[in-house]
Amino acid sequence: MTGGRRLIGRLGVPLAPPEAFDLFTPVGEREWVHGWEPRFPRGMHDDTEPGTVFETEGHGRRTTWVVVSRDRPRSISYARVTPGDRAGTVTVRVAPAAGFAEVEVEYALTALVPEAEAGLAEFAAGYAEYLGEWEQAIAECVRRRA
């Protein structure tokens, strides 16, 4: 990927793959991502349907997301654009493991302006820690469900 960053990491989710998959959908992330509140400008019948558009707010910026592909319960891919910052894709792949789901999360991101390069480099440097925080938040979510 020219001029961008490709980041791949893995985390364990203590659920069967179909339930783990649901935690990585636009609506499902509400369960474990603090402040995650996707808005669907044209409404939503199935939040995982390819072509579905939604927006989120975070760190003082609005990001527009589009579901690019879905192979329930194995994978879902999103295109995302944060104007004046970065654009790219996020792909989540879910596989069965011994008693849990192994989830691979791939970000392919490009800074849209030179000023965004430092923030993208910082995100890349902290990517493993970032996914570790996801793993902890998801584990807490699963404990609350029990």
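Above this text you will find the structure in question.
Residues numbered from 1 in each chain as written. Predicted model: local features only at pLDDT ≥ 70, side-chain atom pairs only at ≥ 80, totals over all residues. Heavy atoms only, no water.

### Describing the environment of alanine 116
Line of reasoning, step 1. One can find alanine 116 in the loop between β6 (100-111) and α2 (117-125).
Line of reasoning, step 2. Residue alanine 116 is classed as buried on the basis of its relative accessible area, which comes to 5%.
Line of reasoning, step 3. Distance in space between the C-alpha atoms of alanine 116 and arginine 145 is 38 Å, their sequence separation being 29 residues.
Line of reasoning, step 4. Look past the residues within four positions of alanine 116 in its chain and what remains in contact with it is Gly84, Asp85 and Ala111. (Helix = DSSP H or I, 4+ residues; strand = E, 2+ residues; numbered from the N terminus. Buried < 20%, exposed > 50% of the residue type's maximum accessible area, 1.4 Å probe, protein only. Contact = heavy atoms within 4.5 Å.)

### Let's talk about unusual backbone geometry
Leaving glycine out, the prevailing phi sign among residues is negative, and the prevailing peptide bond configuration is trans.
Line of reasoning, step 1. Residue proline 73 is bonded to the preceding arginine 72 through a cis peptide linkage, with omega at 0°.
Line of reasoning, step 2. Note that proline 73 resides in the loop between β3 (61-71) and β4 (75-82).
Line of reasoning, step 3. Its identity is not glycine, yet histidine 59 carries a phi of approximately 55°, on the positive side.
Line of reasoning, step 4. The topology assignment puts histidine 59 in the loop between β2 (53-58) and β3.
Line of reasoning, step 5. The exposed category is assigned to histidine 59, whose relative accessible area is 86%.

### Some words on the nonpolar core
Line of reasoning, step 1. Ranked by size, the top nonpolar core spans 35 residues in total, and within it Leu11, Val13, Phe24, Val105 and Tyr107 carry the most contacts.
Line of reasoning, step 2. Those elements giving two or more residues to this core turn out to be β1 (4-13), α1 (17-22), β3, β4, β5 (86-97), β6, α2 and α3 (127-145).
Line of reasoning, step 3. Every residue in contact with phenylalanine 24, bar those within four places of it in the chain, is listed here: Leu11, Val13, Glu29, Trp32, Ile76, Tyr78, Val92, Val103, Trp134 and Ile138. (Core = buried A, V, L, I, M, F, W, Y, C linked by side-chain atoms within 4.5 Å.)

Purely geometric numbers; function is a separate question.
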